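Commentary on secondary and tertiary structure
Given next are the chains, with one letter for each unit.
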Amino acid sequence: MTWLDKYFFKPNFLQKCLAFGLLPLSLIYILSAILNSHFRKKVDFKKPIISVGNLSFGGNGKTPFCKALAREFEGSFIVLRGYKRKSKGMVIVKNGDKALCSVKESGDEAMEYAYEESVKGVIVSENRELAIAKAFELGAKIVILDDAFSKFHIKKFDVLLESKLKPYFNFVLPSGAYRLPKFYEKKADFLALEGRDFYRYSFTKENPKAVLVTAIAKPFRLYEHFIKARACYFFKDHYEFKKEELEALLKKHNCDTLMLTFKDFVKVKDFGFKCQVIELNIELEENLKEELKKYIRSFRAFGGE
């Protein structure tokens, strides 16, 4: 675990003292988050919109979860902000069978979605309402929102993910890992617990000629794969890899392959390296799928598509 991971999930005595010392800043954060989340004009598209979010910061499986939903529900478009992208405004990343822009324009998560065959469209935009409207205009049957739980002004079905690993304190940032107070989970339409409502699993083969590199939140989730590579290197979430630094790592360890997640792969695929992708997948339980199907059927019952 990194220092930050330990601070949020397994703090030592000094880190606990720091967390309590930062509580006044957490109070300011709570007030600003609540004000930003509530006092906006309500929007109802009268079409099925499923939001996948979490209360704590990244690494809870939103991306593989959204991909699992797209595989379950035909005609899904995924809408997200496009964090760390080099573009602004609304960008149509995919509409149909292939990506329509570069990973720098889309961001790594959006490009990962674009490579998923079951995802029929991907749109990034700071303005979620504009992107949702565009998705339905392009023929989306269902819109899946990645990380939009706090957009309470949009009428949608909120799935809130909760992983097995819980933050040590139920504090909001910067004292704890939560982005909104924990009692906000009551606002979710479905609280999806890992190990009950969905299961995560990953797979890759052992490769002594590979160096594992990753720029995901909570890289310790790949722990079972660390021993499958000759060396492991962790970069900050959404890090923009440089070809020269990756070449240097391979040369340093006398290796010829990069072992990485698909989120990392989309950023290095044009560098010309031999790559081995760690498959990250999520399996949805029937109780969760049935709740979502019931929500989608409600639109058809009232004359929706």
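Please refer to the structure placed before this passage.
Report follows, based on the coordinates.

Analysis parameters
Residues numbered from 1 in each chain as written. Predicted model: local features only at pLDDT ≥ 70, side-chain atom pairs only at ≥ 80, totals over all residues. Heavy atoms only, no water. Buried < 20%, exposed > 50% of the residue type's maximum accessible area, 1.4 Å probe, protein only. Helix = DSSP H or I, 4+ residues; strand = E, 2+ residues; numbered from the N terminus. Pairing = 2+ DSSP bridges. Axes fitted to C-alpha atoms, helices over the stretch in contact; angles between N-to-C directions. Phe/Tyr/Trp six-rings, centres within 6.5 Å; stacked < 30°, edge-to-face > 60°. Lys NZ or Arg CZ within 6 Å of the ring centre and 35° of its normal. Contact = heavy atoms within 4.5 Å. Salt bridge = Lys/Arg side-chain N within 4 Å of Asp/Glu carboxyl O.

**Some points on the pairing of strand β7 (residues 190–193)**
The two faces of β7 differ: Phe 190 and Ala 192 on one face are buried, but Leu 191 and Leu 193 on the other face are not. Where strand β6 (residues 157–162) lies against β7, 4 bridges are found, and the strand directions are parallel. Residue pairing in the sheet places Val 159 in a bridge with Phe 190 of β7.

**Section: the sheet that holds β7**
Strand order in the open sheet formed by 7 strands is β3-β4-β2-β5-β1-β6-β7, with mixed pairing between adjacent strands. The sheet terminates laterally at β3 (91–95) and β7, the two strands that pair on one side only. Averaged over neighbouring strand pairs, the angle between their axes works out to 20° when direction is ignored. Two strands pair when backbone bridges link them, and β3 and strand β4 (residues 121–124) are joined in this way by 4 bridges, in the antiparallel orientation. Paired with Ile 92 across the strands is Ile 123, a residue of β4.

**Points about the packing of aromatic side chains**
Centre-to-centre distance and the angle between the planes together describe a pair of aromatic rings. Going through the model one piece at a time under the given rule, you end up with 22 aromatic pairs. On the numbers, 5.2 Å between centres and 75° between planes, the contact of Phe 20 with Phe 169 is edge-to-face. Within this pair, whereas Phe 20 is found in helix α2 (residues 13–21), its partner Phe 169 is found in the loop between β6 and β7, the two being separated by 149 residues in sequence. Relative to Tyr 239, the ring of Phe 235 has its centre 4.8 Å away and its plane inclined at 20°; by these criteria the two rings are stacked. Note on accessibility: Phe 235 and Tyr 239 belong to one class, buried. Cluster of aromatic residues (ring-pair linked, three or more members): Phe 20, Tyr 168, Phe 169 and Phe 171. The ring of Phe 152 is capped by Lys 187, whose NZ or CZ atom sits 5.5 Å from the centre of that ring.

**Section: the sheet that holds strand β9 (residues 210–214)**
With mixed pairing, the 5 strands of this open sheet are ordered in space as β8-β12-β11-β9-β10. Each end of this open sheet is capped by a strand with a single partner; those strands are β8 (198–203) and β10 (231–234). Sheet twist, expressed as the mean angle between neighbouring strand axes with direction ignored, is 20°. The pairing of strand β11 (residues 257–261) with strand β12 (residues 274–284) spans 5 bridges and is classified as parallel. Its bridge partner being in β12, Leu 260 is matched across the sheet by Val 277. Here helix α4 (residues 62–72) sits on the sheet and contacts β8 and β12; the angle it forms with β12, its principal contact strand, is near 65°. Across the sheet, helix α9 (residues 243–252) lies against β9, β10 and β11, angled at about 145° from β9, the strand it touches most.

**Digging into the pattern of salt bridges**
Applying the stated rule across the entire model yields 23 salt bridges. With a closest N to O distance of 3.7 Å, Asp 44 and Lys 46 form a salt bridge. Taking the relative accessible area as the measure of exposure, Asp 44 reaches 38% and is therefore partly exposed. For Lys 269, the salt bridge goes to Asp 270, with nearest N and O atoms at 3.4 Å. Here Asp 270 falls in the exposed class, since its relative accessible area comes to 66%.

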